[in-house]
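For reference, the chains in residue letters:
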4 protein chains.
Amino acid sequence: MVRAGIIGVTGYTGLELVRLLGRHPRAQVTYATSLTSIGTPLKAVVPNARIAGDILVEALDPDRAVEKADFFFLCLPHGQSMETAASLFERGVMVVDLSADFRLRDPGVYARWYGEHQRPGLLAEAVYGMPEIYREQIRKARLVANPGCYPTGVILGLAPLLKGGYLQTESIIADSKSGVSGAGREPKPGLHFPEVSGNFSAYNLAGAHRHTGEIEQELGFLAGGEVKVTFSPHLLPVARGILSTIYARPSKPLDEDSIFGVYRDAYEEEPFVRVYGPKGRLPSLKDVNGTNLCAVAARVDSRTGRVIVVSGIDNLVKGASGQAIQNMNLMTGQEETAGLVYDALYP
Amino acid sequence: MVRAGIIGVTGYTGLELVRLLGRHPRAQVTYATSLTSIGTPLKAVVPNARIAGDILVEALDPDRAVEKADFFFLCLPHGQSMETAASLFERGVMVVDLSADFRLRDPGVYARWYGEHQRPGLLAEAVYGMPEIYREQIRKARLVANPGCYPTGVILGLAPLLKGGYLQTESIIADSKSGVSGAGREPKPGLHFPEVSGNFSAYNLAGAHRHTGEIEQELGFLAGGEVKVTFSPHLLPVARGILSTIYARPSKPLDEDSIFGVYRDAYEEEPFVRVYGPKGRLPSLKDVNGTNLCAVAARVDSRTGRVIVVSGIDNLVKGASGQAIQNMNLMTGQEETAGLVYDALYP
Amino acid sequence: MVRAGIIGVTGYTGLELVRLLGRHPRAQVTYATSLTSIGTPLKAVVPNARIAGDILVEALDPDRAVEKADFFFLCLPHGQSMETAASLFERGVMVVDLSADFRLRDPGVYARWYGEHQRPGLLAEAVYGMPEIYREQIRKARLVANPGCYPTGVILGLAPLLKGGYLQTESIIADSKSGVSGAGREPKPGLHFPEVSGNFSAYNLAGAHRHTGEIEQELGFLAGGEVKVTFSPHLLPVARGILSTIYARPSKPLDEDSIFGVYRDAYEEEPFVRVYGPKGRLPSLKDVNGTNLCAVAARVDSRTGRVIVVSGIDNLVKGASGQAIQNMNLMTGQEETAGLVYDALYP
Amino acid sequence: MVRAGIIGVTGYTGLELVRLLGRHPRAQVTYATSLTSIGTPLKAVVPNARIAGDILVEALDPDRAVEKADFFFLCLPHGQSMETAASLFERGVMVVDLSADFRLRDPGVYARWYGEHQRPGLLAEAVYGMPEIYREQIRKARLVANPGCYPTGVILGLAPLLKGGYLQTESIIADSKSGVSGAGREPKPGLHFPEVSGNFSAYNLAGAHRHTGEIEQELGFLAGGEVKVTFSPHLLPVARGILSTIYARPSKPLDEDSIFGVYRDAYEEEPFVRVYGPKGRLPSLKDVNGTNLCAVAARVDSRTGRVIVVSGIDNLVKGASGQAIQNMNLMTGQEETAGLVYDALYP
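In this report, the structure presented in the accompanying data block is examined. Computed from a predicted structure; not experimentally measured.

**Digging into the sheet that holds strand β1 (residues 2–7) of chain B**
Residue and element names in this part refer to chain B.
Piece 1. Taken in spatial order, the 6 strands make up an open sheet running β2-β1-β3-β4-β6-β5, and their pairing is parallel. Looking at which strands have only one partner, the edges of the open sheet turn out to be β2 (27–33) and β5 (126–128). When the angles between neighbouring strand axes are averaged without regard to direction, this sheet yields 25°.
Piece 2. Where strand β4 (residues 94–97) lies against strand β6 (residues 143–145), 3 bridges are found, and the strand directions are parallel. When the bridges of β6 are listed, aspartate 97 appears paired with alanine 145.
Piece 3. Relative to strand β3 (residues 71–74), helix α4 (residues 81–89) is tilted by about 175°, and along the sheet it contacts β1, β3, β4 and β6.

The following block contains the structure:
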């Protein structure tokens, strides 16, 4: 039984971890911290979850943490996570960091998007936690950088084509649409219900969103060379889910059957990627919400010479806490799908 | 006082015409037809509108129609509109056709997207009803083809750049997101509330949507040569509004100030186009819903060498019935903005 | 031309006043204050509105205020409004106060729900601003207490029956459902989009909501004796609108035709109340949103001996800023409907 | 392993049964019928579910049905279900009927709400499938009438008080608000997305809804005498969930602590009823959506002498398919909660 600690339990990703771990067959939450709610029973903080025992929310104390738990999920803001990750890692436990602090290999790139990195020495220990790409490294890692929500959908959407050398790497555009929970639990004017309801808008266009660097790093590794993408985030009037519509020009001839073959071959063994066929409907948010699935479909626009990929995930599950548990399962030698076997609600 | 007839009054665009004309200072609905609701008072069919007199919904009779009204709005399905347009036009009245039947100059292109054209001879009479581009021709026209909802947003979003020769014409991608009213008033499984609520999806990707031909025709006229676009429609869980995020590569150097200048110069006299500046927020659906406005902003992604344009409209107003009344105002020599001075609700 | 000042322009009711006054034929905003945004052009603060001139948002200065404007709308929190109202009133201008500070006749009742009243002497000057009940008094008033949003719907829903003595006054239950804008523009955890979207809940049950006192006061005046109501507010996942379902036992025999007669007689001259007939559909939020209308229908449940009334309003228009302008029109001798002739969007 | 057959698999309740049974530890779908989709793999009809084997949707054939399955769920329209139930029951299998056909004990009452009953002889075999009230009878039944969605929430909300004799039985009003999936999967004008989005309305007021008879029957059994209720359904702009706000006058003194005691005592052993305490928040739809839970809270309005109960369920789970599986578990001697251990998504 994995004894799991959640550092920063009161945000949406922390709460989602508690919910998912509550039904995990071989893990349970044994420690939880927050800056607020200290001393409150975890059951009161996360009333929708099944919680064993009488855990109270605590202020973080690394020494006590590693007594109480063996495996840690860090749900802290970017920039604040690295020190905590280091202090726990140095005490010998395993860590999945849900912040961006260990996602970027190059501290210079990190600095450009997030500010100076305080623990560059630890970057070499960190594995980017996307099992479909780094499964074997994750199995051996003690520190995993859990991918961002937008990057998860975009990278899984493009990986088979980039790995196969099918795309002109300067041609990629990702037009992504996210539910509001991706922006966190803290109320803000732009996320106030009356502002978002019945509305839709773009934000942080033209390379202003910090996930751009993360997407480019991983697409570059897949392509074996530099990749620059135009990444355009949008805010959908839904609570959960990200759908990305991705455009690129092929560098080799592709039709819809052959492109389907590429995806099927890449993902047929993957428990959490569902490839949609060349005919029939496209992924929608409701296909994946509440699940750890990424749904992917590819189309070829022969009139204009472009490939169009649609990928859908639940930003809080495959885009955050579900993928974190998938990583935990790999790191601790369990069944990869343990605790993650949910089907989407319909309707 | 314009006496207006609405052919096909029970769909969303017909109902929206009744609503808007009810507050028009110099026009009123004097005739309305439908296949259903025949004999019902128009007041019962459109309870949210102000309706002068005691008009009953009738079955269409062209001879009676031209006795009762001088100006006609056709809200009929594609393919069924052309005969009715012809029969009214031949009786000497003015017609704005809200279907696609007279939008495409080339009957061969029409055939490819919609089926064979039955009245190709009448195409030469028709003017594409986008006042920002064809204002003078519309003033003299007796038959106006009212633009499609998606094309309205995409064309207004790109016109200044294409006219100025600023874009590589093979580089254009329009990623458009529409509210559900754009799909009409008839209930369908995919538009059933539980299916759309909390959901988001793409449809008709890779050149499968019929508005592609219309967009390409008008962008081609603006560019002075053939234009092919990748057009990707999506279904938003909102009742009204279309937001398009449009990508292209510049053919001349552009920065955000110069691009703003191009838009400002193109649109500063336009009563229904609002250009958003280089800093500050981007258009959202709520900025335009219920209004005849098109809101446009442009950004330059210098990292990837792309221009990104966002345009927003209300699909039932500027994307249909409002623009139709704008055309009527021009055709009948009235103030262009008459009856269209609404401000968006906030929130 | 009425020169209107808005005190507290940056909340939803202040913004809605700016929007509505922007199209008013004989009033315009000439002065606007806020605690934030001082020095910002009003046009930047309310981009969806038509604003004449170059007004800047200012900090409130009563002397300057009465130079700049003749008529004031107070959009301030309860408890903070009374002093400002007094200082303006004493300078001889007209005031509509949108807070609760002058709604309750009895300072003791005010104290129970809101805290001690600082200006009880001014209560005698204030008229409760519901034109359908106090039209003549409003015409002569210089200080009008604009009704609360929930009370507006409930009182208009019950007034004809209570005035006619048709109800057992201890039997009234109002089950009201409000859109989120009724809770104001300030972001709060419970109003964060992901929390409200797809959700529905009751709050402040069992007499805990402060509008209870206001409802009971006015129903008591109508009934000619004390009335106690069970008032249950709920939070709907929509931006605007309140629908109240109201239950009571009749004290005289009533059937659906006779009850319709009572409402029709009471409201047939009212420009902003629409009575729905005994057959046919019931009011919905979309029938009234964006308008100053109150839609009312009554049913008789003969099986259980109860009357059921449904009333719908837009909480920001008839429930706040629209009714405030209706009051301004009366107080300044204008057409009562001036600037308020909007039809609901459909769909 | 229970071999389960679903008759009428393509409606929302049939699809939800497939989803839930897909994760049930000791049951699986082995037979499924529909009027449409015949010959289609069940996997294509219910893509969001886990389905063992290669089941095709078939036309109903009772002889074949009882070869393929031992336990049947009937998801058929009212009036059509009774004959199928009879033909399966007579073949010796167990049946849970999700229609209303066996819910009403008295064929005369059935006739009043639904039309003449064709199989009144079978009514004596049927047990009303609410485990919290009829657990022991359900364990021995072969035919269970699964409760309606509205009745489930209202009955569970009132049962402890009625059983204890705490209420004046003529004083009950249930104001219920339902998500749209409760109206079924068939698209209809009033359920079209643009009509419901941003909207809210009441329907079938004053005893016109057929669930009234079912509610009154069961409340009458609990109270030991006739009960008449005013039941008011409303349509919420959400996909799933019913929240009922229920009003009654107590017949004995009650305060919030004592009323909480009554509920706690009644439900503390119940796996699927969650009682909320006298302080703190009230149930919301998101607390229960996707789960088999009923959340209940009670308040006392001492000012007006009323008890107010709020109950929330997911109409497709506890209000239909989840409760049906709970009944199956009891009828087949399994753990009552098997296959039903889901936690609500948050947010």
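This is not the end of the story, as more comes after the structure.
**Structural notes on the pattern of salt bridges**
Piece 1. Per the counting criterion, the structure on display carries 88 salt bridges over all chains.
Piece 2. Note that C:Arg135 and C:Glu270 form a salt bridge whose closest N and O atoms lie 2.6 Å from each other. On the criterion of sequence distance, the pair formed by C:Arg135 in helix α6 (residues 131–140) and C:Glu270 in the loop between α10 (256–267) and β11 (273–275) is long-range, its members being 135 residues apart. Each member of the pair, C:Arg135 together with C:Glu270, is buried.
Piece 3. Here C:Asp175 and D:Lys177 are joined by a salt bridge, their closest N and O atoms 3.1 Å apart. Of this pair, C:Asp175 sits in strand β7 (residues 173–178) while D:Lys177 sits in strand β7 (residues 173–178), which puts the two residues in different chains.
Piece 4. Its relative accessible area of 0% is what places D:Lys177 among the buried residues.
Piece 5. In this structure, a network of salt bridges that share partners links the residues A:Glu16, A:Arg19, A:Arg240 and A:Asp314.

**Side note on the interface of chain B and chain A**
Size of an interface: often given as the accessible area lost when the parts come together.
Piece 1. Listed by partner, the interface residues are 50 residues for chain B and 50 residues for chain A.
Piece 2. On the surface where chain B and chain A come into contact, there are 4 salt bridges.
Piece 3. For the interface between chain B and chain A, the tally reads 35 residue pairs in polar contact (both at pLDDT 80 or more).

**Considerations on the nonpolar core**
Side chains of nonpolar character tend, in soluble globular proteins, to be buried together.
Piece 1. Formed by 384 residues in total, the largest nonpolar core has its most connected members in A:Phe73, B:Phe73, C:Phe73 and D:Phe73.
Piece 2. The contacts of D:Phe73, once residues within four sequence positions are left out, are D:Ala4, D:Gly5, D:Ile6, D:Ile7, D:Leu17, D:Leu21, D:Val96, D:Leu98, D:Ala324, D:Ile325 and D:Met328.

**Looking at empty space enclosed by the protein**
Piece 1. All chains considered together, the criterion is met by 5 cavities of 30 Å³ or more.
Piece 2. Of the volumes computed, that of the largest cavity is approximately 1300 Å³.
Piece 3. Along the wall of the largest cavity there are 46 residues; nearest its centre are A:Pro237, B:Pro237, C:Ser197, C:Pro237 and D:Pro237.
Piece 4. Counted by class, the lining of the largest cavity contains 26 nonpolar, 12 polar and 8 charged residues.

Rules and cut-offs
- Residues numbered from 1 in each chain as written.
- Chains lettered and ligands numbered in written order.
- Predicted model: local features only at pLDDT ≥ 70, side-chain atom pairs only at ≥ 80, totals over all residues.
- Heavy atoms only, no water.
- Pairing = 2+ DSSP bridges.
- Helix = DSSP H or I, 4+ residues; strand = E, 2+ residues; numbered from the N terminus.
- Axes fitted to C-alpha atoms, helices over the stretch in contact; angles between N-to-C directions.
- Contact = heavy atoms within 4.5 Å.
- Salt bridge = Lys/Arg side-chain N within 4 Å of Asp/Glu carboxyl O.
- Buried < 20%, exposed > 50% of the residue type's maximum accessible area, 1.4 Å probe, protein only.
- Polar contact = N/O pair within 3.5 Å; in protein donor to acceptor, adjacent residues only side chain to side chain.
- Core = buried A, V, L, I, M, F, W, Y, C linked by side-chain atoms within 4.5 Å.
- 1 Å grid on protein atoms, 1.4 Å probe; cavity = no way out; pocket = protein on both sides within 12 Å on 5 of 7 lines; lining within 4 Å.
- Points joined across faces, edges and corners; volume = space filled by probe spheres on them.
- Nonpolar A, V, L, I, M, F, W, Y, C, P; charged D, E, K, R; others polar.

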